[in-house]
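Structure assessment
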Amino acid sequence: MVETTPAVVSALITPMREDRSIDAKNLQSLVQYEIAHGSEGFYCCGSSGEGLLLSVEERKQVATLVSEVCKDKVPFYVHSGSLGTREAIQLSVHAQEVGAKAVSLIPPIYYHYSQEEVENYYLDVVNAVDLGVIVYNIPQFTGISFSKNSAVMQHEKIIGVKHTSMNLYDLERLGQAFPEKILFNGFDEIFLYSLVAGAQSTIGTTVNVCPSLFTSIREDFLRSNISGAQQKQHLLNTFIEAMVKEGIFPAVKYCMSCLGIPSGPCRKPFKELDHGAKLRIEGALKRIEAYL
């Protein structure tokens, strides 16, 4: 069922040591920190978590570590999308075993699969687990777009869509076609406007840094204080622009290190931040300090 109150979900980064191995201690500290600062759920091993740069066993490790902290506190979702169906099923089954609320999958990429092959990829996972499945719609990375006409959306175990697209028309149409499904906004830059279009939840990279800014935008929206919500979205977007300029994922990791949770570098081929980039990120972070 669609949640009555929109949820602000962190697209969780994966803290790493300097040798780029997973930092289990700081990963769990990060989840605890974010819960204390207003995150209402977690989405692990997605784009922000460098999921496709981790091995299958590392992705299982991350899901297990997150589950140990979340327990009955907040829900967590596991991105189990993979290049192949076997790995996607393996990761989805593990997510069910550790208590994930749902799994989410990008479509298979690289090969130009037919529409039928893409749909069968999702259906194979749906039939392998007793969990809801969230379609991860991120066409600018995958080259595949999901809309109200996508046959896979008809399946009752497809409980929603993570819509990481600027196309709010498609988001609105999905909501009208499938009112029983959850619409997750995937671009922080349009959080407010996605709520207007019908999104019930958001899953975002910068939620790691400032979940209270997102919840404040949501509260203004629910109270019909649109002017207040717009001003806060403007503030958020100025911060996002600064992060994107330096590289959104390394930048957010550095933000969390500044806030007391060492998060290390991203996996290569992401580059490391230089001194100038770190100073600019620190300046951007200071401008949103009221929401940290």
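Above this note sits the structure.
Given the structure is predicted, the values throughout are model-derived calculations rather than measurements.

Our focus in this paragraph is the overall build of the chain. What the chain contains, in helices and strands, is eleven helices and eight strands. The globule rule puts the C-alpha radius of gyration for 292 residues at 19 Å, and the 18 Å found for the chain is close to it. Oriented by its inertia axes, the alpha-carbon framework of the chain measures out at about 50 × 45 × 35 Å. Within the chain, the proportion of its 292 residues that are buried is 55%. As displayed, the chain offers around 12,600 Å² of accessible surface, 52% of which is attributable to carbon and sulfur atoms.

This part takes up the sheet that holds strand β8 (residues 201-204). Around the barrel, which closes on itself, the eight strands sit in the order β1-β2-β3-β4-β5-β6-β7-β8 with parallel pairing between neighbours. Each strand axis lies, on average, 25° off the axis of its neighbour in the sheet, ignoring direction. Sheet analysis places strand β2 (residues 42-44) next to strand β3 (residues 76-79), joined by three bridges and oriented parallel. Note that in β3 the partner of cysteine 44 across the bridge is valine 78. Contacts between helix α4 (residues 115-126) and the sheet are confined to β4 (102-105), β5 (132-137) and β6 (158-163), with β5 contributing the most and set at about 155° to the helix.

Cut-offs applied
Residues numbered from 1 in each chain as written. Predicted model: local features only at pLDDT ≥ 70, side-chain atom pairs only at ≥ 80, totals over all residues. Heavy atoms only, no water. Helix = DSSP H or I, 4+ residues; strand = E, 2+ residues; numbered from the N terminus. Rg over C-alpha atoms; globule rule 2.2 N^0.38 Å. Buried < 20%, exposed > 50% of the residue type's maximum accessible area, 1.4 Å probe, protein only. Areas by Shrake-Rupley, 256 points an atom, 1.4 Å probe, with all protein chains shown as cover. Pairing = 2+ DSSP bridges. Axes fitted to C-alpha atoms, helices over the stretch in contact; angles between N-to-C directions. Contact = heavy atoms within 4.5 Å.

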